[in-house]
Amino acid sequence: MILNEVKRFDNHCHSEFSNIRLIDSINKIPDIIKTASKLGMAGVALTDHECLCGHLRWTQEEAKLKKAGVIPEDFKCALGNEIYLVDDRDNITKYWHYILIAKNAVGHRALRELSSIAWYKSFSSRGMTRVPTEKRELEDILKKFPNSLVATTACLGGELGGLVLKLVELENDQKNLLNHADEIAGIKCAIRDFIMWNKNLFGDDFFIEIAAGQSKDQVKFNKRVKDIAKYYDVNITIGSDSHYLTANERPVHKAYLNSKEGDREVDEFYFDAHMMDNEEAYGNLKNIFTEEEFIEICNNSMKIYDKIEHFSLERSSIIPEIDVKVYSVNNFTGYDNYPIISYLLSSSDPQERYWVNQCLEAMKIKGLENDTYLERLEKEADIIKFVGDKLNDCLFKYFNTYQHYIDLFWECGSIVGPGRGSSVCFLSNYLMGITQLDPLVWGLKEWRFLNKERVELPDIDTDVCPSKRAKIFEAIRKERGELNVIQVCTFGTEGSRSAVAAAGRGYRSEEYPNGLDVETTQYLSSLIPQERGFLWSIHDVVYGDEENDRKPIAQFVSEVNKYPGLLDIIQSIEGLVNKRGQHASGVIMYNSNPYDTGAIMRSPNGDLTTQFSLHDAEAMGDVKYDILLTEISDKIMSCVSLLQEDELVNPEWSLREAYNELLHPSKIDITDNKLWSALGNGEVLDVFQFSTGVGLTTAKLVKPKNPTELTSANALMRLMGEKGKERPLDRYVRLK
């Protein structure tokens, strides 16, 4: 039989997301899938080190490659996690590796909750974030979600690997075999207990994993575990534990690991940590397994393949809710000429009734109840209802929830900004106190914020005081629960200059056994151009980009080619995920728990974040609220407080009352020339967006006379002119 015609499923593979705690893998998601298919695999599981961060991209890439005909329709991209399984989090001797793979959507729900528990209870040890899972926690999850996961013993870093290697060591010490009898018996009992624990927990969804590696330890393990698996009647499967694609990428992976400080074993341990076709895999195993046994192992892997169902992680958005005042049906009457307003007033949904009643009440208080304002409110209500129906949810909830938290921010002692961007274009936002500008007064069109042609959730940015951040989050968590208010995660990547630096540190040759010196890599990095604040990619530096009028940088090409293989390393490293962080303002709120749509982890500073990037989280059903921390908000708050302390304004007023009397946009005379002259002369101490050197220079240059000119200056001040032409800002000033 031709071995490469035998189907095999790879249950163990790492992507660049395994780098979020420690640099580990150079695999990019599209390349993993394409390489696995090209090597003849029937499918492959993504099993990054205790994270699910790449899962949505994994499934999206699978669909994209199938649509393009790059991989066959029956190729399966499974979703898994390599966890760290321990008996007791408070008494850890080893962080044992362990593979879990979701069989279906329920299994992925189980993975999300289990991973979230590990991250929630994470801690720092020896300079690294540790994210172990206790066995009892896995047991509890499987009670909630039975028959939903496949488990394998993972690599040599797994508990079975550690026990078997210790057993082999003692059994091979023939001279002292009798002295080791009790210890050997103890290890065999531990192996028995571990395997039986797994069998009782997973049944035939449990597999013993071997690797087609040639390291001394891997060979010892493979040889001894063959008999153990047969004795306990457990199927053996092969996992590549791929940290790089094929043997061709081994030098790049070695260089990347060498680029980071610390004692990393990068030769023997990772030598075979790549995907292989069946011929290569069997070539490494033939001294232990016959061809028939190898085929049986391949068939065992296909049993995992058969257990994997197709499911999607994408779903409609779940809008966070708050309890609202329950208005009676038709609390207001006389709106027959406004069908959507009338519908909302008589709606059976209290969220819809709340929204329209709040708007109408504010209209009466502000003296705005006339046809012009009612027609605008009717139009906005129609848009909100239309978009909500298309999204299969009540979109009015979104605004009710936002209004509630705007009120809470004020109660926490924070100034709340008047509103950013297109959110000020909706009259209803103004009526509900979400924004502070009347769009009809300012001539702002509602379609800029939300319209029927763009069916998506709205996006509102709210400015608050940085000094009140902790109090605000504490208040929200007190209402919703600690895990129902999570910040959005971000992922850092290797830019072109950092890729050069990393490649230089990791580069090894006879002439440079310890890598290139810092001066050399800094010089190479300095040759990478920066344009409009963005570095050129390595591709553009080497090959140019005719469309963007970029020519290759000959000096860089000449210098980098002095070090054979360095350019390949740089190009492979560029763009890799290398760290995790948190979004500056994005916050996700959940109604009951984060696990129904997502999973949580912690940023390096310990804050709770999503495990998925913003766009991935939103595609999975999460809804983002933007809470921006702006220094100017603290300054305004302090200003009001000082005025009240000196009784220059009523000290009995709340912060919100004082602000509304003194600083609300409706209270400021924007036609006062003294205000604009002070700004144009550089006499104003601080103006939002204009407090930097560039901003102050722009204000002096433009000398704006109204908010429209100030907005134009803000939009133009950081734009560069085309080569040989004046800057857009200079042109604006000239024509103004």
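Report on the accompanying structure. Every value quoted in this text rests on a predicted model; they were computed, and no experiment measured them.

Rules behind the numbers
Residues numbered from 1 in each chain as written. Predicted model: local features only at pLDDT ≥ 70, side-chain atom pairs only at ≥ 80, totals over all residues. Heavy atoms only, no water. Helix = DSSP H or I, 4+ residues; strand = E, 2+ residues; numbered from the N terminus. Buried < 20%, exposed > 50% of the residue type's maximum accessible area, 1.4 Å probe, protein only. Contact = heavy atoms within 4.5 Å. Lys, Arg positive; Asp, Glu negative; His and termini not counted. Charge placed at Lys NZ, Arg CZ, Asp CG, Glu CD. Core = buried A, V, L, I, M, F, W, Y, C linked by side-chain atoms within 4.5 Å. Polar contact = N/O pair within 3.5 Å; in protein donor to acceptor, adjacent residues only side chain to side chain. Salt bridge = Lys/Arg side-chain N within 4 Å of Asp/Glu carboxyl O. Patch = residues over 30% accessible without salt bridge, like charges linked within 9 Å, V, L, I, M, F, W, Y side chains within 5 Å. Areas by Shrake-Rupley, 256 points an atom, 1.4 Å probe, with all protein chains shown as cover. Phe/Tyr/Trp six-rings, centres within 6.5 Å; stacked < 30°, edge-to-face > 60°. Lys NZ or Arg CZ within 6 Å of the ring centre and 35° of its normal. Axes fitted to C-alpha atoms, helices over the stretch in contact; angles between N-to-C directions. Parallel < 35°, antiparallel > 145°, perpendicular 65-115°, else oblique. Left-handed = near helix turned anticlockwise from the far one by under 90°. Nonpolar A, V, L, I, M, F, W, Y, C, P; charged D, E, K, R; others polar. Disulfide = S-S within 2.5 Å. Pairing = 2+ DSSP bridges.

**Details of the overall build of the protein chain**
Stage number 1. Of regular secondary structure, the protein chain possesses 29 helices and 18 strands.
Stage number 2. In the protein chain, buried positions account for 54% of the 736 residues.
Stage number 3. The contacts of the protein chain with a sequence gap of at least 6 include a subset with a gap of at least 24, amounting to 74%.
Stage number 4. Averaged over its 87 positive side-chain charges, the protein chain has a centre that lies 1 Å from the centre of its 113 negative ones.

**Section: the nonpolar core**
Stage number 1. Y98 and L100 are the most contacted members of the largest nonpolar core, which totals 91 residues.
Stage number 2. The contact partners of L100, leaving out residues within four places of it in the chain, are G80, N81, I83, L111, L114, L138, L149, V150, A151 and F202.
Stage number 3. Counting residues in hydrophobic clusters, the runner-up holds 71 residues, among them Y373, A381, C412 and V623.

**Considerations on the side chain of E134**
Stage number 1. Locating E134 in the fold gives a position in strand β7 (residues 132–134).
Stage number 2. In terms of polar contacts, E134 uses its side chain to reach the side chain of R136, at 2.7 Å.
Stage number 3. Not counting the four nearest positions on each side in its chain, E134 is found in contact with L85, V86, D87, D88 and R89.

**Focus: helix α1 (residues 29–38)**
Stage number 1. Of the residues making up α1, those classed as buried are I29, I32, I33, T35, A36 and S37.
Stage number 2. Backbone geometry just downstream of α1 places G40 in the positive-phi region, at approximately 95°.

**Focus on the environment of S18**
Stage number 1. Note that S18 resides in the loop between β1 (8–10) and α1.
Stage number 2. For S18 and D48, which are 30 residues apart along the polypeptide, the C-alpha to C-alpha distance reads 5.0 Å.
Stage number 3. Those residues in contact with S18, other than ones at most four positions away along the chain, are D24, S25, D48 and H49.
Stage number 4. A polar side-chain atom of S18 sits 3.0 Å from the main-chain amide nitrogen of H49.

**Let's talk about the side chain of E378**
Stage number 1. Mapping E378 onto the fold places it in helix α13 (residues 371–390).
Stage number 2. Despite its burial, E378 remains without a salt bridge, the nearest opposite charge being carried by K452 at 9.2 Å.
Stage number 3. In this structure the side chain of E378 is engaged in a polar contact, spanning 2.9 Å, whose partner is the backbone nitrogen of I340.
Stage number 4. Within the structure, E378 has its side chain in polar contact with the backbone nitrogen of I341 (distance 3.0 Å).
Stage number 5. Ignoring anything within four residues of it in the chain, the contact list for E378 reads Y338, P339, I340 and I341.

**Regarding a negative patch on the surface**
Stage number 1. On the surface, a cluster of negative charge is made up of E645, D646, E647 and E652.
Stage number 2. Residue placement: E652 occurs in the loop between α24 (631–645) and α25 (655–662).
Stage number 3. Relative accessible area serves as the criterion here: at 69%, E652 is assigned to the exposed category.

**As for the pattern of salt bridges**
Stage number 1. Taken as a whole, this structure holds 41 salt bridges when the rule is applied.
Stage number 2. Ionic pairing is found between E134 and R136, a salt bridge with its closest N-O pair at 2.7 Å.
Stage number 3. Note on E134: relative accessible area 5%, which makes it buried.
Stage number 4. For K307, the salt bridge goes to D205, with nearest N and O atoms at 2.7 Å. Taken together, the residues span a long stretch of sequence, with K307 in helix α10 (residues 291–307) and D205 in the loop between α6 (181–202) and β9 (206–210) at a distance of 102 residues.

**Notes on the packing of aromatic side chains**
Stage number 1. The tally for this structure, following the rule as stated, stands at 20 aromatic pairs.
Stage number 2. Residues Y507 and Y563 carry aromatic rings whose centres are separated by 6.3 Å and whose planes lie at 80° to one another, so their mutual orientation is edge-to-face. Of the two residues, Y507 sits in the loop between α18 (496–506) and α19 (518–526) while Y563 sits in the loop between α21 (554–560) and α22 (566–573), which places them 56 residues apart along the sequence.
Stage number 3. Here the aromatic residues Y398, F399, Y402, F426, F449 and Y625 are joined through ring pairs into a cluster of three or more.
Stage number 4. Residue placement shows K76 over the ring face of Y305; its charged tip is 4.3 Å from the ring centre.

**Concerning unusual backbone geometry**
Stage number 1. If you check the backbone angles, A154 has positive phi at about 65° while not being a glycine.
Stage number 2. Take A154: it is sitting in the loop between β8 (149–152) and α5 (159–171).

**Some remarks on the packing of α5 against α6**
Stage number 1. α6 packs onto α5 with a crossing angle of 155° between their chain directions and a minimal axis gap of 10 Å. As far as their axial angle goes, α6 and α5 are roughly antiparallel. Crossing handedness for the pair α5 and α6: left-handed. Together, E159, L160, L163, V164, K166, L167, L170 and E171 of α5 and E183, I184, I187, K188, A190, I191, F194 and I195 of α6 make up the contact between the two elements.
Stage number 2. Residues of the contact of α5 with α6, tallied by class, amount to 11 nonpolar, no polar and five charged.

**Digging into the state of the cysteines**
Stage number 1. All told, the structure shown has zero disulfides when counted by the stated rule.
Stage number 2. Looking at C53, it has no disulfide partner, and the nearest cysteine sulfur is the one in C51, 3.9 Å off.
Stage number 3. For C53, a relative accessible area of 1% corresponds to the buried category.
Stage number 4. C412 takes part in no disulfide bond, and the closest cysteine sulfur to it belongs to C465, at a distance of 11 Å.
Stage number 5. What makes C412 buried here is its relative accessible area of 5%.

**Some points on the environment of Y398**
Stage number 1. Position of Y398 relative to the elements: it lies in helix α14 (residues 396–411).
Stage number 2. Residue class for Y398 comes out buried when judged on its relative accessible area of 0%.
Stage number 3. What Y398 contacts, discounting residues up to four positions off in sequence, is I319, P458, D459, I460, V623, K624 and Y625.

**Description of the environment of N147**
Stage number 1. You can see N147 is positioned in the loop between α4 (135–144) and β8.
Stage number 2. N147 sits in the exposed class, given a relative accessible area of 60%.
Stage number 3. Residues N147 and N104, spaced 43 residues apart in sequence, show a C-alpha to C-alpha distance of 9.6 Å.

**Notes on the packing of α5 against helix α7 (residues 216–232)**
Stage number 1. Relative orientation of the contacting elements α5 and α7 amounts to 95°, with a least axis distance of 9 Å. The angle between α5 and α7 places the two elements in the roughly perpendicular class. For the pair α5 and α7, the contacting residues are L160, G161, V164, L165, L167, V168 and E171 in the first and D217, K220, F221, R224, V225 and I228 in the second.
Stage number 2. For the contact of α5 with α7, the class distribution of residues is eight nonpolar, one polar and four charged.

**Focus: the pairing of strand β3 (residues 76–86)**
Stage number 1. Among the 11 residues that make up β3, 10 are buried, leaving the element largely enclosed by the rest of the structure.
Stage number 2. With four bridges joining them, strand β2 (residues 41–46) and β3 adopt parallel strand pairing. Across the sheet, residue V44 finds its bridge partner in β3, namely C77.
Stage number 3. Sheet topology note: the β3/β7 ladder contains three bridges and is parallel. Along β7, the bridge assignment pairs Y84 with P132.

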